[in-house]
Amino acid sequence: MPRRLAGPPAGPHGEDFSFVSPLVKYLLFFFNLLFWMISMVMVAVGIYARLMKHAEAAMACLAVDPAILLVVVGILMFLITFCGCIGSLRENICLLQTFSICLTIVFLLQLAAGVLGFVFSDKARGKVSEIINNAVVHYRDDLDLQNLIDYGQKEFSCCGGISYKDWSQNMYFNCTADNPSRERCSVPYSCCLHAADQAVINTMCGQGMQAMNYLEASEFIYTNGCIDKLVNWIHSNLFLLGGIALGLAIPQLVGILLSQILINQIKDQIKLQLYNQQHRADPWH
């Protein structure tokens with residue numbers, strides 16, 4: 001007859017052995033915890049911006065209110081990282097797989113958006129032109145939008161979308177004879193050429209510039225539009241933009257990799273526990 005063993009089974013995987021690595025488990029947990037907190041900050045900022053500001057100008061320039069977009073992205077990020085946090089801490093395969101699948105979908109969508117933007121660059125340029133022209137029209141409607149346009153024009157040394165005459169699309173800067181505005185035929189001060197040692201900025205320096213031709217106006221303001229300047233900047237900084245895209249992709253890939261490693265370790269641990277249970281239940285082993 002087979003001999004019955006009195007002691008515990010011999011082998012490299014005893015009762016106290018675990019396939020689940022604490023390093024992988026808690027690294028994934030703190031990784032998700034960091035982005036979980038970031039998502040809550042995004043939601044709070046989005047809600048604050050939506051409650052404190054009127055979104056009409058932003059909605060006129062963009063298809064989606066930036067505050068609402070920030071809240072939606074924050075909520076999605078919160079839910080995904082919640083699955084990662086609880087799944088890693090509780091070693092829950094279902095939550096970890098949900099986290100991994102969602103993160104993979106987000107990564108693929110970003111990749112597809114980048115490829116489509118590169119392939120359909122002409123359409124992307126047309127959309128950018130539309131956004132800039134709408135921003136010009138609503139320049140005075142929102143202070144933050146106004147500051148953003150002024151910053152962009154000063155940073156890129158440009159004025160308007162195609163040229164400085166695009167500011168005639170704005171009701172305050174419109175160059176028609178029946179426009180009663182004091183800023184008629186003018187451009188914002190951010191279009192003006194300023195001396196490096198100029199201490200005080202003349203905010204009326206763009207007065208009447210649209211009535212001048214390109215050669216005359218170029219002595220006082222930037223005459224080139226911001227669309228071409230922006231496109232040229234993108235072409236000149238492809239490596240920088242690629243680095244930013246890579247910086248966004250790496251955390252996602254790290255999260256996917258860690259979750260898959262932990263899932264496989266949990267599955268191996270389950271198999272080990274089933275084996276040990278079968279072994280203890282077999283009196284003749």
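Rules and cut-offs
- Residues numbered from 1 in each chain as written.
- Predicted model: local features only at pLDDT ≥ 70, side-chain atom pairs only at ≥ 80, totals over all residues.
- Heavy atoms only, no water.
- Helix = DSSP H or I, 4+ residues; strand = E, 2+ residues; numbered from the N terminus.
- Buried < 20%, exposed > 50% of the residue type's maximum accessible area, 1.4 Å probe, protein only.
- Contact = heavy atoms within 4.5 Å.
- Areas by Shrake-Rupley, 256 points an atom, 1.4 Å probe, with all protein chains shown as cover.
- Disulfide = S-S within 2.5 Å.
- Salt bridge = Lys/Arg side-chain N within 4 Å of Asp/Glu carboxyl O.
- Patch = residues over 30% accessible without salt bridge, like charges linked within 9 Å, V, L, I, M, F, W, Y side chains within 5 Å.
- Phe/Tyr/Trp six-rings, centres within 6.5 Å; stacked < 30°, edge-to-face > 60°.

A short note on the overall build of the protein chain
Thinking step 1. Helix and strand counts for the protein chain come out as nine helices and zero strands.
Thinking step 2. The secondary structure elements of the protein chain, listed N-terminal to C-terminal, are α-α-α-α-α-α-α-α-α.
Thinking step 3. A buried classification covers 32% of the 285 residues belonging to the protein chain.
Thinking step 4. Across the protein chain, every contact between residues at least 6 apart in sequence was considered, and the portion connecting residues at least 24 apart equals 70%.
Thinking step 5. When the accessible surface of the protein chain is split by element, carbon and sulfur atoms take 68% of a total near 18,200 Å².

Looking at the state of the cysteines
Thinking step 1. In the structure shown here, the tally under the stated rule is four disulfides.
Thinking step 2. The side chain of Cys 158 participates in a disulfide bridge whose partner is Cys 226; the two sulfur atoms lie 2.0 Å from each other. Across the S-S bond of Cys 158 and Cys 226 the torsion is about 90 degrees, and the bridge reads as right-handed. With Cys 158 in the loop between α6 (143-156) and α7 (214-217) and Cys 226 in helix α8 (residues 226-236), this pair connects stretches of sequence that are 68 residues apart.
Thinking step 3. Residue pairing for Cys 159: its cysteine sulfur links by disulfide to Cys 191, the two sulfurs lying 2.1 Å apart. A torsion of 85 degrees about the S-S bond marks the disulfide between Cys 159 and Cys 191 as right-handed. Of the two residues, Cys 159 sits in the loop between α6 and α7 while Cys 191 sits in the loop between α6 and α7, which places them 32 residues apart along the sequence.
Thinking step 4. What connects to what in the protein chain, once the bonded cysteines are numbered by sequence position, is 1-8, 2-5, 3-4, 6-7.
Thinking step 5. With no disulfide partner, Cys 83 has as its closest neighbouring cysteine sulfur the one in Cys 102, 6.4 Å distant.

Remarks on the pattern of salt bridges
Thinking step 1. Under the counting rule described, the total for this entry stands at four salt bridges.
Thinking step 2. Where Glu 130 meets Lys 127, a salt bridge forms, and the shortest distance between an N and an O atom there is 4.0 Å. Here Glu 130 and its partner Lys 127 are both found in helix α5 (residues 121-137), three residues apart, which amounts to about one turn of the helix.
Thinking step 3. Residue classification places Lys 127 among the partly exposed residues on the basis of a relative accessible area of 41%.

Quick look at unusual backbone geometry
With the exception of glycine, most residues fall at negative phi, and the peptide bonds are largely trans.
Thinking step 1. In this structure, Ser 157 is a non-glycine residue whose phi angle is positive, near 55 degrees.
Thinking step 2. Positionally, Ser 157 belongs in the loop between α6 and α7.
Thinking step 3. Judged by its relative accessible area of 26%, Ser 157 is partly exposed.
Thinking step 4. The phi angle at Cys 185 is positive, at roughly 65 degrees, despite the residue not being glycine.
Thinking step 5. Mapped onto the elements of the fold, Cys 185 is located in the loop between α6 and α7.

Focus: a nonpolar patch on the surface
Thinking step 1. A surface patch of nonpolar side chains, amounting to about 730 Å² of accessible area, comprises Leu 108, Leu 111, Val 115, Leu 116, Phe 118, Val 119 and Phe 120.
Thinking step 2. Within the secondary structure, Leu 108 sits in helix α4 (residues 93-119).
Thinking step 3. Residue classification places Leu 108 among the partly exposed positions, given a relative accessible area of 48%.

As for the environment of Phe 78
Thinking step 1. Along the chain, Phe 78 turns up in helix α3 (residues 66-90).
Thinking step 2. On the accessibility criterion, Phe 78 (27% relative accessible area) is partly exposed.
Thinking step 3. When near neighbours in sequence (up to four residues on either side) are disregarded, Phe 78 contacts Trp 36, Ser 39 and Met 40.

Looking at the packing of aromatic side chains
Thinking step 1. Per the counting criterion, the structure on display carries nine aromatic pairs.
Thinking step 2. Measuring from ring centre to ring centre gives 6.0 Å for Tyr 139 and Phe 173, while their planes differ by 55 degrees; the resulting arrangement is tilted. One end of the pair, Tyr 139, is in the loop between α5 and α6; the other, Phe 173, is in the loop between α6 and α7, with 34 residues separating them in the sequence.
Thinking step 3. Given the relative accessible area of 1%, Tyr 139 is considered buried.
Thinking step 4. The class for Phe 173 is buried, based on a relative accessible area of 1%.
Thinking step 5. Connected via pairs of aromatic rings, a cluster forms that spans Trp 36, Phe 78 and Phe 82.

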